[in-house]
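Inside the fold
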Protein chains: 2
Amino acid sequence: MKIGFIGFGEVSKRLSNLLSGNILITSKENRSKKTIENINSSNICILETFEEVAKNSDILISATSPKQSLENAKRYGKLTNGIYLDLNNISPKTAIRNSKNTRNFVDGSIIGSINSNFTLYLSGKDANKLNFLNEYFPVRIISNNVGDASKLKILRSIYTKSLSATLIETLTIAEKLNLKDELLDTIAISEGEDFKEKAISRVKNTKNNAERKKEELQEIIEYFPDDDLEIVKASIKKLSNI
Amino acid sequence: MKIGFIGFGEVSKRLSNLLSGNILITSKENRSKKTIENINSSNICILETFEEVAKNSDILISATSPKQSLENAKRYGKLTNGIYLDLNNISPKTAIRNSKNTRNFVDGSIIGSINSNFTLYLSGKDANKLNFLNEYFPVRIISNNVGDASKLKILRSIYTKSLSATLIETLTIAEKLNLKDELLDTIAISEGEDFKEKAISRVKNTKNNAERKKEELQEIIEYFPDDDLEIVKASIKKLSNI
């Protein structure tokens, strides 16, 4: 199996590592210094151009950034006869748009941490052809509909980000009342032993990235304009005041 | 140790069961039919009046209802020389008020389910005298301040009720997109295997008791008028629209 990578950041680096044993190809064409370092430290064949990568791939993985994803799809999506797997962390709308510029499009979302535990969620009519990837890491095929994998990631994000905002709200008051540790221990009775550690890490991570997380929540509201997203809206307010 | 009970509902029934081996006393004075049934099915000594119960108790447990708690404290709080343990699920303000009508007041909150797993949280200067109850069920003494045990229960309630509202918001959209089961499985990756079952049971319980839970959230806002309770307010809205 020949697997091509457009873009060679954290995601491609880790996947290429897990997929060793296959023929892995990429290109250094117009890549940043950091990306070239990633390529040099991996066991991967280097072709002159991404066009060649596309033409030679049974699976072509696009993993750059949400903004570049359309450009990638337009340029290389019809050059490959293989599966085009989009891992650009895109919105469901972008997934559908990108699919129109490619043959054999599969919508992919990495859920979890790419460098420790993750599951690759896939949707699209050709997604089942990627089932064999389960040999290398956990893969779940959720439906034939392009966009479903991306939607699942957004839905998960509604839950996790609102949960973090809830923790911030609760722990702020608890701290003022000098009951923070007691409260965390108390909640842990029903939520499990690792609750305390996870809650503290969630709050820290959210506070450190409040601006970005606020923007992501804002995008969710734009994506579901007709739904009652009271909690998401309140979470945005909460993140504006920390 | 002589332990007296004012009120003999679910809490007293269960505690008296766990505390068997001590001398347990109560009265049928002005009690409801249901309460008298509870008393008749327990191994407990029955005195003519609650005045006698108060006078004879080393620990006097008041477990009727938040509304009756002040009346209990006023009537019996100074008749007993023992510890007065208030388990009426009262607000921190009520705890402080009741403590002024009693000697040796201890503020108590039962967290968890009285009929399966619970921990009894205690606060007040005499709380440490009840440490021996750990022989019978889990007890945690959190501070010398009357009101802290009640505050802890409120803080926990902010978290659990907001979490339920967040689940309702997220799962409503997921259901519309036909991704509810997938979403629950996906969140379970980070939240633990029992997440799915717990989430479904939380949503069901909250929907079935939306009105009461809304009122409890409203009370929280009244109790913390100066705090940013964006998520609690959004949770009230959420519970108004289901």
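Our subject in this report is the structure included herewith. (Residues numbered from 1 in each chain as written. Chains lettered and ligands numbered in written order. Predicted model: local features only at pLDDT ≥ 70, side-chain atom pairs only at ≥ 80, totals over all residues. Heavy atoms only, no water.)

Remarks on the overall build of chain A
- Tallying secondary structure elements over chain A gives ten helices and eight strands in all.
- Along the three orthogonal principal directions, the C-alpha set of chain A runs to about 65 × 40 × 30 Å.
- Looking at chain A residue by residue over its 242 residues, the buried ones come to 54%.
- Taking the intrachain contacts of chain A between residues at least 6 apart in sequence as the baseline, contacts between residues at least 24 apart amount to 51%.
- Each charge sign in chain A was given a centre, from 36 positive and 31 negative side chains, and these centres are 4 Å apart. (Helix = DSSP H or I, 4+ residues; strand = E, 2+ residues; numbered from the N terminus. Buried < 20%, exposed > 50% of the residue type's maximum accessible area, 1.4 Å probe, protein only. Contact = heavy atoms within 4.5 Å. Lys, Arg positive; Asp, Glu negative; His and termini not counted. Charge placed at Lys NZ, Arg CZ, Asp CG, Glu CD.)

As for the interface of chain B and chain A
- Each side of the interface is counted separately: chain B has 47 residues, and chain A has 47 residues.
- In this assembly, chain B packs against chain A so that about 4,600 Å² is buried in total across both faces, 62% of it on carbon and sulfur atoms.
- Summed over the shared surface of chain B and chain A, the number is nine salt bridges.
- Note that B:Glu191 and A:Arg202 form a salt bridge whose closest N and O atoms lie 2.5 Å from each other.
- On the surface where chain B and chain A come into contact, there are 20 residue pairs in polar contact (both at pLDDT 80 or more).
- Considering every element that reaches the side of chain B that touches chain A, the biggest residue donor is helix α6 (residues 148–176) of chain B, with 17 residues.
- For the side of chain B that touches chain A, the residue count by class is 23 nonpolar, eight polar and 16 charged. (Buried area = accessible area lost by both parts, 1.4 Å probe. Salt bridge = Lys/Arg side-chain N within 4 Å of Asp/Glu carboxyl O. Polar contact = N/O pair within 3.5 Å; in protein donor to acceptor, adjacent residues only side chain to side chain. Nonpolar A, V, L, I, M, F, W, Y, C, P; charged D, E, K, R; others polar.)

Notes on the relation of the copies chain B and chain A
- Under the fitted operation, chain B is carried onto chain A by 0.0 Å of movement along the axis and a turn of 180 degrees, and the coordinates agree to an RMSD of 0.1 Å. On this basis, the relationship between the two copies can be described by a two-fold rotation axis.
- A symmetric contact is evident, with 100% of the interface residues of chain B recurring at the interface of chain A. (Least-squares fit on C-alpha atoms with pLDDT ≥ 70 in both.)

Re the sheet that holds strand β1 (residues 2–6) of chain B
- The sheet built from eight strands is open, its strands ordered β3-β2-β1-β4-β5-β6-β7-β8 (chain B) with mixed pairing. Edge positions in the sheet fall to β3 (45–47) and β8 (139–143) of chain B, since each of these pairs with one other strand and no more. The sheet shows a mean angle of 30 degrees between the axes of neighbouring strands, direction not considered.
- With three bridges connecting them, strand β5 (residues 83–86) of chain B and strand β6 (residues 105–112) of chain B associate as parallel partners. Residue B:Asp86 lies in a different strand from β6(B), and its bridge partner there is B:Asp107.
- The strands touched by helix α7 (residues 180–191) of chain A are β6, β7 (118–123) and β8 of chain B; relative to β7(B), the strand with the most contacts, the crossing angle is about 160 degrees. (Pairing = 2+ DSSP bridges. Axes fitted to C-alpha atoms, helices over the stretch in contact; angles between N-to-C directions.)

Observations concerning the pattern of salt bridges
- A complete count under the given rule lists 33 salt bridges over all chains for this structure.
- B:Asp185 is the partner of B:Lys196 in a salt bridge, and the nearest nitrogen-oxygen pair spans 3.1 Å. Taken together, the residues span a long stretch of sequence, with B:Lys196 in helix α8 (residues 195–208) and B:Asp185 in helix α7 (residues 180–191) at a distance of eleven residues.
- Look at B:Lys196 and you get partly exposed, because its relative accessible area is 23%.
- Put simply, A:Asp181, A:Glu182, A:Asp185, A:Lys196 and B:Arg140 are held in one network by salt bridges that share partners.

Focus: helix α5 (residues 92–100) of chain B
Residue and element names in this part refer to chain B.
- If you check which residues of α5 are buried, you get Pro92, Thr94, Ala95, Asn98 and Ser99. Buried residues along α5 cover an arc of 155 degrees about the axis, so they all sit on one side. Exposed residues lying more than 90 degrees from the buried face of α5 are Lys93 and Lys100.
- Contact partners of the buried residues in α5: α4 (69–76), β5, β6, α6 and α9 (210–223). (Arc of directions from axis to C-beta.)

Some thoughts on the pairing of strand β2 (residues 23–27) of chain B
Residue and element names in this part refer to chain B.
- Burial of β2 is extensive: four of the five residues sit out of reach of the surface.
- Relative to β2, β1 runs parallel, the two being bridged by three bridges. Its bridge partner lying in β2, Gly4 is registered against Ile25.
- In the classification by handedness, the crossover that spans β1, the intervening helix α1 (residues 10–18) and the parallel β2 is right-handed.
- Here β2 pairs with β3 via three bridges, running parallel. The residue bridging Ile25 from the neighbouring strand is Cys45, located in β3. (Right-handed = clockwise from strand over helix to strand, strands pointing away.)

What to know about unusual backbone geometry
Residues and elements named next belong to chain A.
- Of note, Asn89 is a non-glycine position whose phi angle comes to about 60 degrees, a positive value.
- Within the fold, Asn89 resides in the loop between β5 (83–86) and α5 (92–100).
- You can call Asn89 exposed: its relative accessible area is 52%.
- With a phi close to 50 degrees, Asn104 is a non-glycine residue in the positive phi region.
- Residue placement: Asn104 occurs in the loop between α5 and β6 (105–112).
- Relative accessible area serves as the criterion here: at 23%, Asn104 is assigned to the partly exposed category.

What about the environment of B:Lys233?
All names here are of chain B.
- Mapped onto the secondary structure, Lys233 falls in helix α10 (residues 230–240).
- Residue Lys233 is classed as partly exposed on the basis of its relative accessible area of 43%.
- Once the C-alpha coordinates of Lys233 and Ile141 are considered, the two residues, 92 residues apart in sequence, prove to be 31 Å apart.

Overview of helix α6 (residues 148–176) of chain A
All names here are of chain A.
- Helix length check: α6, at 29 residues, gives a terminal C-alpha distance of 42 Å against a target of 42 Å (1.5 Å per residue), a fit within 8%.
- With 25 of its 29 residues buried, α6 lies for the most part within the structure.
- Just downstream of α6 lies Asn178, where phi reads positive at about 65 degrees. (Expected span 1.5 Å × (residues − 1).)

Details of the packing of α7(A) against α6(B)
- For the pair α7(A) and α6(B), the least separation of the axes is 10 Å and the interaxial angle reads 50 degrees. Regarding the angle of α7(A) to α6(B), the classification is oblique. Viewed along their axes, α7(A) and α6(B) form a crossing whose handedness is right-handed. Touching A:Glu182, A:Leu183, A:Thr186, A:Ile187, A:Ser190 and A:Glu191 of α7(A) are B:Leu152, B:Leu155, B:Arg156, B:Tyr159 and B:Leu163, all from α6(B). (Parallel < 35°, antiparallel > 145°, perpendicular 65-115°, else oblique. Left-handed = near helix turned anticlockwise from the far one by under 90°.)

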